[in-house]
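Working through the structure, step by step
Here's the letter readout for the chains.
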Amino acid sequence: MRIWHKDYTLESLKSLTSQYMTGHLRIEFIEIAPDYLKARMPVDDHTHTPRGLLHGGASCALAETVGSTASFLSIDPDKQTAVGLEINANHLRGVREGYVIGTARPVHIGRSTHVWDIRIHAEDSQKPVCISRLTVAILQKNGIS
């Protein structure tokens, strides 16, 4: 089942990763499929805790980025906008280096809310690092205050 509003490509998503927090954390989209979106983020000095582990906040930033972007891709951006409403995360395993990959899959795509399941794992392992759920509010552009 295709969930995107139109035919997006990875190339069309590059502008979203060059600035803002995604640029600072060097998050990049790596795969867009008919019903999920993947992004990766390096685990390094920009995303470490003082103990040298992936910071939980960085995992949340990756989850929010891939989930919010997935919502944006599934709405009509001329008429609607997507804004994060709630995020939760369970941090399951530490990572010290390499990349982590976040995959957003829809749980619910409704008229006014979307709910995304985001699974983050180390690039060299399928073992989960973080499991997150993101709820996104879908607002009509004429109703934004």
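Use the structure listed above.
First, a word on scope: everything that follows refers to the structure included in this document. (Residues numbered from 1 in each chain as written. Predicted model: local features only at pLDDT ≥ 70, side-chain atom pairs only at ≥ 80, totals over all residues. Heavy atoms only, no water.)

1. As for the pattern of salt bridges
Note the cut-off: The working definition used for a salt bridge is a side-chain nitrogen of Lys or Arg within 4 Å of a carboxyl oxygen of Asp or Glu. We count a stretch as a helix when DSSP gives it H or I for four or more residues in a row; a strand needs E for two or more, and each element gets its number in order from the N terminus. Burial here depends on accessible area, computed with a 1.4 Å probe over protein chains only, as a share of the maximum for the residue type. Under 20% is buried, over 50% is exposed, and the range in between is partly exposed.
A full pass over the atoms with the stated rule returns seven salt bridges. Arg26 serves as the salt-bridge partner of Asp44, at 2.1 Å between the closest nitrogen and oxygen. In this pair, Asp44 sits in the loop between strand 2 (36-43) and helix 3 (56-73) while Arg26 sits in the loop between helix 2 (20-24) and strand 1 (28-33), placing the two residues 18 residues apart along the sequence. Note on Arg26: relative accessible area 38%, which makes it partly exposed. One network of salt bridges, with partners in common, ties together Glu28, Arg40 and Glu123.

2. Considerations on the packing of aromatic side chains
To keep things clear, this is the line we draw: What counts as a ring pair is set by centres within 6.5 Å for rings of Phe, Tyr and Trp (its six-membered ring), and what kind of pair is set by the plane angle: stacked under 30 degrees, edge-to-face over 60, tilted for all other angles. Charges are assigned to positions over rings by a cutoff of 6 Å between ring centre and Lys NZ or Arg CZ, combined with an angular limit of 35 degrees from the ring normal.
For the structure on display, the rule yields zero aromatic pairs. Positioned above the aromatic ring of Tyr36, the side-chain terminus of Arg105 is 4.4 Å from the ring centre.

3. Digging into the sheet that holds strand 1
Defined as follows: A pair of strands counts as paired when DSSP detects no fewer than two bridges linking them. Lines fitted to the C-alpha atoms define the axes, with helices restricted to the stretch that makes contact. Angles between their N-to-C directions range from 0 to 180 degrees.
In spatial order, the strands read 1-2-4-5-6-3; together these six strands make up an open sheet with antiparallel pairing. Since the sheet does not close on itself, it has two edges, and those belong to strand 1 and strand 3 (80-91), each with one partner. On average, adjacent strands in this sheet sit at an angle of 25° to one another, irrespective of strand direction. Bridge analysis of strand 5 (residues 113-122) against strand 6 (residues 128-140) gives nine bridges, and the strand direction is antiparallel. Looking at strand 6, one finds that Ile120 is bridged to Cys130.

4. With respect to the environment of Gln80
Rules: Note on contacts: a residue pair is in contact if any heavy atoms of the two residues lie within 4.5 Å.
Take Gln80: it is sitting in strand 3. For the pair Gln80 and Lys141, spaced 61 residues apart in sequence, the C-alpha to C-alpha distance is 5.0 Å. Beyond its immediate stretch of four places on either side in the chain, Gln80 contacts Ile75, Arg111, Ile138, Leu139, Gln140 and Lys141.

Geometry only, nothing functional implied.
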